[in-house]
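A structural walkthrough
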Amino acid sequence: MANASWVFTPKMKISPSISVFRSGFYSPEGISRRVSCASAVQGVDNLSPSQSQPSRLVGKGCKLVGCGSAVPALEVSNDDLSKIVETNDEWISVRTGIRNRRVLTGKDRMTELAVEASAKALEMAEVDPNDVDLVLLCTSTPDDLFGSAPQIQAALGCKGNPLAFDITAACSGFVLGLVSASCYIRAGGFKNVLVIGADALSRYVDWTDRGTCILFGDAAGAVLVQACDSEEDGLFGFDLHSDGEGNRHLNASIKENETEDSFGSNGSAMGFPPKSSSYSFVQMNGKEVFRFACRVVPQSIDIALEKAGMTRSSIDWLLLHQTSVESNMQANQRILDGVATRLEIPADRVISNLANYGNTSAASIPLALDEAVRGGKIKSGETIATAGFGAGLTWGSAIIRWN
């Protein structure tokens, strides 16, 4: 285990006055602290001062300066699905709003999509991979049980060994990643944080169950969150929650594999050694998830706005997780429409790409954001209300500005 000692050296006397930033973060005025870390990790001694984590000022703002996305080459239409399960294009599109989805095939990997999306985000932000201080991968479907973020860091060529780790919060993951990035920047002194939302739920879908296989697709999206002066701050307020009691409505639980006991009766006493296990297919109660989303999302956005000291009229765009549930007619679009109506946001100010990609879990928000930015819809300086919600159950919202 690496041994690390943290040293805080105030550069001046501590002032008793406190500043409250619009985002809800608190910082003592006049305090400028230097943060240094001495680590015993092998290879760190070989890093130059410019490659190691530099000392930075606490209390900075953060802004979104680059985005990117990637999807698998294979597009699966509703007509394609009708060849493997009892369904048709009209039945799917009327109930879900989905017409196509992208699916990984063969040896394709989720991390490859994440690397492609990240490279595009860095290119837009004009940030070299070696200047990235932290990589946050928001995913529920890593390529490795122990996490895939370090592999993405390596593939991008981040030679300074920046910290990289996974965040698991399903469809709320990307919002949680944004908030986590802002915390690392404001309190930890990081400058460039890469936040990735990527999932390959096609691996955990029962392709003989028309109630779930029609809903999901694979994708990746990424944003570069960068430190800035508080006047340029681009994350104004947020609201995050979870409710484990709702796990029964949406889950993919671990299960023992149904294999013959290779040890026979002599080796099965007291359940040892344990059988190998894997995750079940995605299980979802569509009606309950629909009710849950309609209830919590508008409330969460209102709370985030209140924390930001902003009103609904401040919102330029509404960008929700592109959810999909097999429920009542046009249930998914009604979630988007219902939230927009309650927040008094016109339909033409709601970002939606559900029809083209289905539910891509943690990737859905950054994927839709990237398309809207590159398509000229969302412009610099505009304010976005975004919210994710899904398995856990988890949900969260953030009021952000595109820079």
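Coordinates for the structure precede this section.
Since the model is a prediction, treat every value here as computed from it, not as a measurement. Throughout this description, residue numbers start from 1 for each chain and increase along the sequence as written. Selection of residues for local features in this predicted model requires a pLDDT of at least 70, selection of side-chain atom pairs for listing and counting requires 80 or more, and totals for whole chains, interfaces and linings are taken over all residues. Water and hydrogen atoms play no part in the side-chain values, which are based on all heavy atoms of the structure.

Moving on, we get to the overall build of the protein. Scanning the protein for helices and strands turns up nine helices and 20 strands. Working definition of accessibility: Shrake-Rupley area with a 1.4 Å probe, residue cover restricted to the visible protein chains. For the protein, the accessible area works out to roughly 19,100 Å², and carbon and sulfur atoms hold 50% of it. The helix count covers DSSP runs of H or I at least four residues long, the strand count covers runs of E at least two residues long, and both are numbered beginning at the N terminus.

A pair of strands is labelled paired if DSSP reports no fewer than 2 bridges between them. If you walk across this open sheet you meet the five strands as E12-E20-E19-E17-E18, and the pairing is mixed. Every interior strand has two partners, whereas the edge strands, strand E12 (235-242) and strand E18 (350-351), have only one. Where E12 meets strand E20 (residues 394-401), seven bridges bridge the pair, whose relative direction is antiparallel. Note that in E20 the partner of His-241 across the bridge is Trp-395. Residue contacts are defined here by distance: any two heavy atoms, one from each residue, within 4.5 Å place the two residues in contact. To define axes, lines are fitted to C-alpha atoms, for helices over the stretch in contact only, and angles between the resulting N-to-C directions are given on a 0 to 180 degree scale. Packed on one face of the sheet, helix H5 (residues 173-188) meets E12, strand E19 (383-390) and E20 and runs near 125° to E12.

Now for the packing of aromatic side chains. By convention, a stacked pair of Phe, Tyr or Trp rings (six-membered ring in the case of Trp) has centres within 6.5 Å and planes under 30 degrees apart, an edge-to-face pair has planes over 60 apart, and any other such pair is tilted. Scanning the model with the defined rule gives three aromatic pairs in all. Arranged with centres 6.3 Å apart and planes meeting at 55°, the rings of Phe-165 and Tyr-184 form a pair that is tilted. Taken together, the residues span a long stretch of sequence, with Phe-165 in strand E9 (residues 163-167) and Tyr-184 in helix H5 at a distance of 19 residues. Its relative accessible area of 26% is what places Phe-165 among the partly exposed residues. Among the residues examined, Tyr-184 registers a relative accessible area of 28% and is labelled partly exposed. Taken together, Phe-165, Tyr-184 and Phe-190 form an aromatic cluster joined through their ring pairs. Burial classification: accessible surface area is computed with a 1.4 Å probe over protein chains only, and a residue below 20% of its type maximum counts as buried, one above 50% as exposed, and the rest as partly exposed.

A pairing counts as a salt bridge when a side-chain nitrogen of Lys or Arg comes within 4 Å of a carboxyl oxygen of Asp or Glu. Within the structure shown, the criterion is met by 13 salt bridges. Here Arg-291 ties to Glu-288 by a salt bridge, and the two come within 2.7 Å at their closest N and O atoms. Pair noted here: Arg-291 and Glu-288 are both in helix H6 (residues 286-308), with a separation of three residues, about one helical turn. By relative accessible area, which is 27% here, Glu-288 ends up partly exposed. For Glu-382, the salt bridge goes to Arg-349, with nearest N and O atoms at 3.9 Å. Placement of Glu-382 in the loop between helix H9 (364-374) and E19 and of Arg-349 in the loop between helix H7 (331-342) and E18 is noted, with a sequence separation of 33 residues between them. Linked through salt bridges whose partners overlap, the residues forming this network are Arg-109, Asp-143 and Arg-203.

With that settled, consider the state of the cysteines. Note on disulfides: each one is a pair of cysteine sulfur atoms within 2.5 Å. Taken as a whole and judged by the stated rule, the model has zero disulfides. As a non-bridged cysteine, Cys-183 has Cys-62 as the owner of its nearest cysteine sulfur, 8.7 Å distant. For Cys-183, a relative accessible area of 31% translates into the label partly exposed.

Turning next to a nonpolar patch on the surface. Every patch collects residues that have over 30% relative accessible area and no salt bridge, joining them within 9 Å if they carry like charges and within 5 Å if they are nonpolar side chains (Val, Leu, Ile, Met, Phe, Trp, Tyr). Residues Leu-145, Phe-146, Ile-254 and Tyr-279 make up a contiguous nonpolar surface patch of roughly 550 Å² in combined accessible area. Assignment of secondary structure puts Leu-145 in the loop between strand E8 (134-138) and helix H4 (149-156).

Here, the term nonpolar core denotes a set of buried Ala, Val, Leu, Ile, Met, Phe, Trp, Tyr and Cys residues that are joined through side-chain atoms within 4.5 Å. The biggest cluster of nonpolar side chains holds 42 residues, and the ones touching the most others in it are Val-297, Ile-301, Leu-318, Leu-320 and Ile-399. At the level of elements, helix H2 (89-96), H6, strand E17 (317-320), H7, E19 and E20 are the ones that each hand at least two residues to this core. Those residues within four positions of Leu-320 in sequence are excluded, and the remaining contacts are Val-297, Ile-301, Leu-336, Val-339, Ile-365 and Ala-387. Counting 35 residues, the second largest nonpolar core, distinct from the first, contains Phe-190, Ala-368, Ile-384 and Trp-402.

All right, on to the pairing of strand E11 (residues 218-228) then. Across the 11 residues of E11, 11 count as buried, placing the element largely inside the fold. Of the two faces of E11, the one lined by Asp-218, Ala-220, Ala-222, Leu-224, Gln-226 and Cys-228 and the one lined by Ala-219, Gly-221, Val-223, Val-225 and Ala-227 are each fully buried. Relative to E11, strand E5 (residues 61-70) is paired through nine bridges, and the arrangement is antiparallel. Note that in E11 the partner of Gly-66 across the bridge is Leu-224. Here strand E10 (residues 192-200) pairs with E11 via nine bridges, running antiparallel. Bridge pairing in E11 places Ile-196 opposite Ala-222.

Points on a 1 Å grid over protein atoms alone make up a cavity when a 1.4 Å probe fits among them but cannot get out, and a pocket when they form an open set with protein on both sides within 12 Å along at least five of seven lines; lining residues each have an atom within 4 Å of a point. Grid points are joined across faces, edges and corners, and a volume is the space filled by probe spheres set on the points. Of the volumes computed, that of the second largest pocket is approximately 720 Å³. In terms of lining residues, the second largest pocket is bounded by 36 residues, among which Ser-140, Thr-141, Thr-168, Leu-201 and Ala-252 are the most central.

This part covers the environment of Ser-118. Relative to the elements of secondary structure, Ser-118 occurs in helix H3 (residues 110-125). Distance from Ser-118 to Ile-196, taken between C-alpha atoms, is 7.1 Å for residues 78 residues apart in sequence. When near neighbours in sequence (up to four residues on either side) are disregarded, Ser-118 contacts Ile-152, Leu-156, Leu-194, Ile-196 and Ala-222.

A few words now on the side chain of Ser-361. Tracing the backbone through its elements, the reader meets Ser-361 in the loop between helix H8 (354-357) and H9. Apart from the residues lying within four places of it in its own chain, the contact partners of Ser-361 are Ala-170, Cys-171, Asp-199, Leu-201 and His-321.

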